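Listed here are the chains, written in short residue letters.
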Amino acid sequence: MIVITAPTSAIGRLLVDELLDRGAALRLVARDPSRLAPEVRERTEVVEGSHGDAAVIDRACDGAEAVFWLAPDDPAAPSAEASYVDFTRPACDAFTRHGVKRVVGISALGRGTPMADSAGLVTASLAMNDLIAASGVAYRAVVCPSFMHNLLHQVGAIKEQGMFFMMIDPDLKSPTVATRDIAATAARLLLDGSWEGSGQVPCLGPEDLSPNEMARIISEVLGTEIGYRQIPGAALKERMTGFGMTDGMAQAMVAMFDAKNKGLDQAEPRTAESTTPTTFRQWCEEVLKPAVTA
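Residues numbered from 1 in each chain as written. Predicted model: local features only at pLDDT ≥ 70, side-chain atom pairs only at ≥ 80, totals over all residues. Heavy atoms only, no water.

Trainee: Describe the pairing of strand β1 (residues 2-5), with residues and values.
Mentor: Residues I2 and I4 line one face of β1 and the alternating positions V3 and T5 line the opposite face, and both faces are buried. In the sheet, β1 pairs with strand β2 (residues 26-30) via four bridges, with the strands oriented parallel. Bridged to I4 within β2 is L28. Sheet topology places β1 next to strand β4 (residues 66-69); three bridges connect them, and they run parallel. Considered in β4, the bridge of I2 is made with A66. (Buried < 20%, exposed > 50% of the residue type's maximum accessible area, 1.4 Å probe, protein only. Helix = DSSP H or I, 4+ residues; strand = E, 2+ residues; numbered from the N terminus. Pairing = 2+ DSSP bridges.)

Trainee: Tell me what's going on with helix α11 (residues 280-293), and back it up with residues and numbers.
Mentor: Bending of α11 peaks at approximately 35 degrees at the position of V287, with proline P290 no more than four residues after it. Along α11, the residues that are buried comprise F280, W283, C284, L288 and V292. For α11, the elements touching its buried residues are α6 (155-161), β11 (208-209) and α8 (211-222). (Bend = angle between axes of the 7 residues up to and from the residue. Contact = heavy atoms within 4.5 Å.)

Trainee: Pulling in residues and values, what's your account of the packing of aromatic side chains?
Mentor: Taken as a whole, this structure holds four aromatic pairs when the rule is applied. Look at W69 and F87: their rings are 5.9 Å apart centre to centre, the planes differ by 45 degrees, and that puts the pair in the tilted class. Pair noted here: W69 is in strand β4 and F87 is in helix α4 (residues 80-98), with a separation of 18 residues, a long-range link. When its relative accessible area of 15% is taken as the criterion, F87 is described as buried. A ring pair is formed by F164 and Y228, whose centres lie 5.1 Å apart and whose planes are at 45 degrees; its orientation type is tilted. Here the residue F164 occupies a position in strand β8 (residues 163-166), and Y228 occupies one in strand β12 (residues 227-230), the gap between them amounting to 64 residues. Residue classification places F164 among the buried positions, given a relative accessible area of 0%. Residue classification places Y228 among the buried positions, given a relative accessible area of 12%. (Phe/Tyr/Trp six-rings, centres within 6.5 Å; stacked < 30°, edge-to-face > 60°.)

Trainee: Quick one: what's the story with α8, residue by residue and with numbers?
Mentor: The first and last C-alpha atoms of α8 sit 16 Å apart over 12 residues, in line with the 16 Å expected at 1.5 Å per residue. Residues of α8 that are buried sit in contact with α6, β8, β11, β12 and α11. Looking one or two residues beyond α8, the residue adopting positive phi is G223, at roughly 75 degrees. (Expected span 1.5 Å × (residues − 1).)

Trainee: Just give me the short version of the sheet that holds β11, but keep the residues and values in it.
Mentor: With mixed pairing, the three strands of this open sheet are ordered in space as β7-β9-β11. Pairing within the sheet leaves two strands with one partner each, and these edge strands are β7 (146-147) and β11. Sheet topology places strand β9 (residues 174-177) next to β11; two bridges connect them, and they run antiparallel. The residue of β11 that forms the bridge with P175 is D208.

Trainee: Give me the lowdown on the packing of α4 against helix α5 (residues 121-134), citing residues and values where you can.
Mentor: At a minimum axis separation of 9 Å, α4 and α5 run at an interaxial angle of 15 degrees. As judged from the angle between their axes, α4 and α5 are roughly parallel. In the crossing of α4 with α5, the sense of the turn from one axis to the other is right-handed. Each of A80, E81, Y84, V85, T88, R89, C92 and F95 in α4 lies in contact with α5, whose residues at this interface are L121, A124, S125, A127, M128, L131 and I132. Broken down by class, the residue content of the contact of α4 with α5 amounts to 11 nonpolar, two polar and two charged. (Axes fitted to C-alpha atoms, helices over the stretch in contact; angles between N-to-C directions. Parallel < 35°, antiparallel > 145°, perpendicular 65-115°, else oblique. Left-handed = near helix turned anticlockwise from the far one by under 90°. Nonpolar A, V, L, I, M, F, W, Y, C, P; charged D, E, K, R; others polar.)

If you want it as structure tokens, here you go:
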């Protein structure tokens, strides 16, 4: 039995489909089971509730061999540590109590870099990895740069202003990764019973691109000129708090992008194993363009 947390998330949804295609027995932890596709509900066990709830995750881990762990975005959390580390504490107790053999989690690049201790959301995510590893369970953190998927939050700006906006330096080349490739890596690890101990598995996408290069590719795919504009941290924080994010979480997001601008995501060496297949152009053609033209 494999437990999947956040099964309706951008990664979790794809992971569930892939594991079901491979015949895996799944137990899904979902706050709102109605968001699961009917065919998914029919083929899985569903535990209703938050996987940050001690009683819920305890019930989910009973008899489980492996767990996929994804701490959800929580803009209402008082701090990044609360969102990642405190949220994960009940799960670590459940892993130990029920003898879970393997846990695969989603985390960020940056371990061992000078920026790791002051990178906001990334720092908290790395601390979450340490917490899970300290529980004694075999653990692999799938560590990622920024997701291509995040551009879907800017579909409105792309359509209405012909622009997208980030804090990243316009000419800074960085890796980006598709959620489908993250899900494929997680599925492989969850189905492989041979690994032990703790470690990380990077997913870097196939290429490093700057925001200006991304804008050029988006323009070519959409057939219209799309530009990129860098925004300062203060403006991003004001925008996020205006959407209801707490000051602590907004500041943690700014700190993360500050660290990325200092090279946080470039420190991981690219290898054949860490290079995942989906190109940014392919993702734009298959995901972004349909969202913009819908």
